[in-house]
Amino acid sequence: MRVEETQESLRQRVTSPAAEGPPPAWSVPLRRLDQQLGEIGPVVLVPDTRELRAVDRATGQERWRHPFTTGYQYVIAGESIVAVDSDDGGMEVLDAATGVTRWRTAGSQDVVVHEQTVYARECAGTGDSATCTIVGRDVRSGRQLWERPADRFARVSDVTLGARAPYAPASGRYVAVRLSTSPRSATYAPVAPTTGRVGAGRLPNRAWYGFVAGDLLVTTDNDPARGEQRCTVSIATVDAATGDKGWSGVVFSGRKEDGGCGKRLAHQHSGLTLIGAGTRLVAVTADGRPQLVDLRTGRTVWKGAAAGVPIDGDSHSVLVRGNAETGELALLDLSTGVTRWTAPDPLLSGASASWRSAVTEGLVAVSAAEDDRPVVLVYEARTGRQLGRYPGWLAGAGADWVAVSHTGPDGLAVDLRAF
């Protein structure tokens, strides 16, 4: 389960310019914020160090709070919340409406959450003598759906096309499972979420990503070959069910400000691993333009009109920047590649550890330090009009809101700004 950290965990105190845009709808104090805020229906989830709070989206009034004995990471899966103990792998699933525990387990390793199923590795013993299984459970009830013998290196891949933390991806026909006897010989196989049945498709682990896209099992190698200067990303696919060989070929990653290869196909702090939907993946062309590739055929569905590096997106849009770290912004339509709007360089470095971004149906937000002062810029997704500029760090976003965390005389707090 992958959760990005926010810079508020540093509890840094800085002097920032006054906010521009709508005032906060509400503000709540925090001790520490290491995860993004999420939304379920009428409530927003506020993750603190050892508790999770649900507050009313409109008023900020607390609906419930749930304590934890240690640090945790959380994922929203439909009407459930899956919280995993940061220390021992214990897992607790909460009802989103009440915060009441639905079920819990102990000793789960490498937990991966989809909307309908929770996957984990469970082992008895330690080291080479450990006996392990990969287990699938129904999210809502905790009922075990299946288990398969495995070893201590096996795990379900947490890479899913277009998924964004803290939201679980939709459950598809298969998940990619790394079934292995050692890290070196790991092989990806497709496993059905509800039955544990293994499809015929197999691909060797190539050190980067293994995932399922529609009916395809896919692996990537994002490291160009020695002496290769084109930022090549090699892709292999097979039919997950039948094992029939699919398209294999190359796309390209974008370049950083210094001309080096970014290697990743989305910004590492965007909350996404891969941008795209279905069997279509957003990447870069050999000449540095964003492109949408059909993984079934290798066909380029569209190429961007201008050079740029995809850094974020959702199921409707792709956010592009001049390079992976600097330059103007552009929002492209995911299905056609048409440029909806461009905006001047926000002068916020994507190389900064404090960089965060979000693309939603209604808003685009970017955040990083400007002259050592953290700032969040918010744009209207439809037009590119700048709606707000706020001191602080981006701590979450929805269709019509952003969360901005900041420190002040009274300590750490997070504001919700509605548009």
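Model, not experiment: these values are computed from the prediction.

A. Structural detail: the overall build of the protein chain. Looking only at helices and strands, one finds zero helices and 36 strands in the protein chain. In the protein chain, which comprises 419 residues, the share counted as buried stands at 55%. Residue pairs at least 24 apart in sequence account for 45% of intrachain contacts in the protein chain once pairs closer than 6 positions are excluded. For the protein chain, the separation between the mean place of its 46 positive charges and that of its 48 negative charges on side chains is 4 Å.

B. Broad picture of the UniProt feature "domain: Pyrrolo-quinoline quinone repeat" (unreviewed entry) in the protein chain. Using the residue numbers shown here, the UniProt feature "domain: Pyrrolo-quinoline quinone repeat" (unreviewed entry) corresponds to residues 33–169. Structurally, residues 33–169 comprises 0% helix and 53% strand, and the distance from its first C-alpha atom to its last is 23 Å.

C. Quick peek at the sheet that holds strand S12 (residues 131–138). Across the sheet, which stays open at both edges, the four strands sit in the order S10-S11-S12-S13 with antiparallel pairing between neighbours. Every other strand in the sheet has two partners, leaving strand S10 (109–113) and strand S13 (144–150) as the edge strands with one partner each. Pairwise comparison of adjacent strand axes, ignoring direction, gives a mean angle of 20° for this sheet. Here S12 pairs with S13 via six bridges, running antiparallel. Paired with Gly136 across the two strands is Trp146, which belongs to S13.

D. The arrangement of the pairing of strand S8 (residues 91–95) in detail. For S8, the buried fraction is high: five of the five residues fall into the buried class. Burial of S8 is two-sided: the residues Met91, Val93 and Asp95 facing one way and the residues Glu92 and Leu94 facing the other way are all buried. As defined by bridge partners, strand S7 (residues 80–85) adjoins S8 across five bridges and the pair is classed as antiparallel. Looking across to S8, one finds that Ala83 is bridged to Glu92.

E. Expanded view of the pattern of salt bridges. Considering all chains together, one arrives at 22 salt bridges under this definition. Arg389 serves as the salt-bridge partner of Glu370, at 2.7 Å between the closest nitrogen and oxygen. Of this pair, Glu370 sits in strand S31 (residues 363–370) while Arg389 is found in strand S33 (residues 386–391), placing the two residues 19 residues apart along the sequence. Because the salt bridges share partners, they merge into one network encompassing Asp48, Glu51, Arg53, Glu62 and Arg65.

F. Spotlight on the packing of aromatic side chains. Within the structure shown, the criterion is met by four aromatic pairs. Between Phe68 and Tyr72, the aromatic rings sit 4.2 Å apart at their centres with planes inclined by 25°, giving stacked as the arrangement. With respect to class, Phe68 is no different from Tyr72; both count as buried.

About the cut-offs
Residues numbered from 1 in each chain as written. Predicted model: local features only at pLDDT ≥ 70, side-chain atom pairs only at ≥ 80, totals over all residues. Heavy atoms only, no water. Helix = DSSP H or I, 4+ residues; strand = E, 2+ residues; numbered from the N terminus. Buried < 20%, exposed > 50% of the residue type's maximum accessible area, 1.4 Å probe, protein only. Contact = heavy atoms within 4.5 Å. Lys, Arg positive; Asp, Glu negative; His and termini not counted. Charge placed at Lys NZ, Arg CZ, Asp CG, Glu CD. UniProt positions renumbered as here; feature names shortened; annotations may be inferred. Pairing = 2+ DSSP bridges. Axes fitted to C-alpha atoms, helices over the stretch in contact; angles between N-to-C directions. Salt bridge = Lys/Arg side-chain N within 4 Å of Asp/Glu carboxyl O. Phe/Tyr/Trp six-rings, centres within 6.5 Å; stacked < 30°, edge-to-face > 60°.

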